[in-house]
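Structural overview for review
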Amino acid sequence: MTTARRSDATRTAILEAARERFAADGYERATIRAIARDAGIDPSMVMRYYGNKEGLFAAASAIELELPELGGLPARHVGATLVGHFLDRWERDDVLTGLLRVGVTNAAGAERMQAIFAQQLGPVALGVCPVPAEAPRRAALAASQILGMALARYVLRLPPAVEMSREDVVAWLGPTVQRYLTAEVP
């Protein structure tokens with residue numbers, strides 16, 4: 001194996017271990033030493049590749065939301081499509097849940113969540129809202145619903161939220177997200 005391949009494999013192992021550790025322990029309790037142990041490497045290697053805990057967290061929390069293209073959809077399906085997409089993401093991606101958990105307890109995590117949603121949900125809102133100047137506010141309102149359900153369902157694990165079927169969550173939240181993104185301002 002070449003040095004470059006070993007380096008890539010080490011980076012990948014560190015990031016996977018960091019994502020799991022941040023998700024399980026949160027930012028404050030996760031340590032470089034524990035992450036290195038989980039990755040099967042010396043802690044100095046973590047520092048070599050990522051500099052410090054903040055750098056590692058930034059790399060481990062780089063998330064692409066993979067938002068669907070909404071331009072071809074009838075406007076009335078935007079809310080349900082987004083809610084369904086986010087449910088699918090949370091069901092398959094513990095990193096997103098871990099980032100949400102860290103985001104509510106740590107300033108760096110909150111900043112990371114803010115950036116992800118501004119950079120990725122903001123343009124979606126801009127593309128579907130009737131008044132472009134309202135896009136940031138509308139994206140924040142939509143995020144409040146999506147993140148609120150994620151917090152209730154995947155972090156706090158409130159039984160009524162956990163027990164709801166995917167279809168029920170989409171049916172309840174879809175119209176609200178739809179209204180936030182596309183309706184005229186009251």
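The following refers to the structure shown. (Residues numbered from 1 in each chain as written. Predicted model: local features only at pLDDT ≥ 70, side-chain atom pairs only at ≥ 80, totals over all residues. Heavy atoms only, no water.)

The next subject is the overall build of the chain. Across its full length, the chain carries ten helices and zero strands. Element order for the chain, N to C, with α for helix and β for strand: α-α-α-α-α-α-α-α-α-α. Relative to its full complement of 186 residues, the chain shows a buried share of 43%. With an accessible surface of roughly 9900 Å², the chain has 55% of that area assigned to carbon and sulfur atoms. Considering the chain, the positive charge centre built from 21 side chains and the negative charge centre built from 21 side chains are found 4 Å apart. (Helix = DSSP H or I, 4+ residues; strand = E, 2+ residues; numbered from the N terminus. Buried < 20%, exposed > 50% of the residue type's maximum accessible area, 1.4 Å probe, protein only. Areas by Shrake-Rupley, 256 points an atom, 1.4 Å probe, with all protein chains shown as cover. Lys, Arg positive; Asp, Glu negative; His and termini not counted. Charge placed at Lys NZ, Arg CZ, Asp CG, Glu CD.)

Here we come to the packing of helix α2 (residues 32-39) against helix α3 (residues 43-50). α3 packs onto α2 with a crossing angle of 105° between their chain directions and a minimal axis gap of 8 Å. One finds that α2 runs roughly perpendicular with respect to α3. Touching I32, R33 and A36 of α2 are P43, V46 and M47, all from α3. Looking at the contact of α2 with α3, its residues break down into five nonpolar, no polar and one charged. (Axes fitted to C-alpha atoms, helices over the stretch in contact; angles between N-to-C directions. Parallel < 35°, antiparallel > 145°, perpendicular 65-115°, else oblique. Contact = heavy atoms within 4.5 Å. Nonpolar A, V, L, I, M, F, W, Y, C, P; charged D, E, K, R; others polar.)

Turning to the nonpolar core, a few remarks are in order. Counting residues in hydrophobic clusters, the biggest one holds 54 residues, and the most contacted among them are F22, L56, L82, W90 and L121. The greatest single-element share of this core, amounting to ten residues, is contributed by helix α8 (residues 135-155). Not counting the four nearest positions on each side in its chain, L82 is found in contact with L67, P68, L70, L121, V124, V177 and L181. (Core = buried A, V, L, I, M, F, W, Y, C linked by side-chain atoms within 4.5 Å.)

Per the stated rule, a full pass over the model turns up six salt bridges. One salt bridge connects R153 with E91, and the closest N-O pair in it is separated by 3.8 Å. Taken as a pair, R153 in helix α8 and E91 in helix α5 (residues 78-92) lie far apart in primary sequence, 62 residues in all. Residue R153 is classed as buried on the basis of its relative accessible area, which comes to 8%. A cluster of three or more residues bridged by salt bridges with shared partners is formed by R21, D25 and D38. (Salt bridge = Lys/Arg side-chain N within 4 Å of Asp/Glu carboxyl O.)

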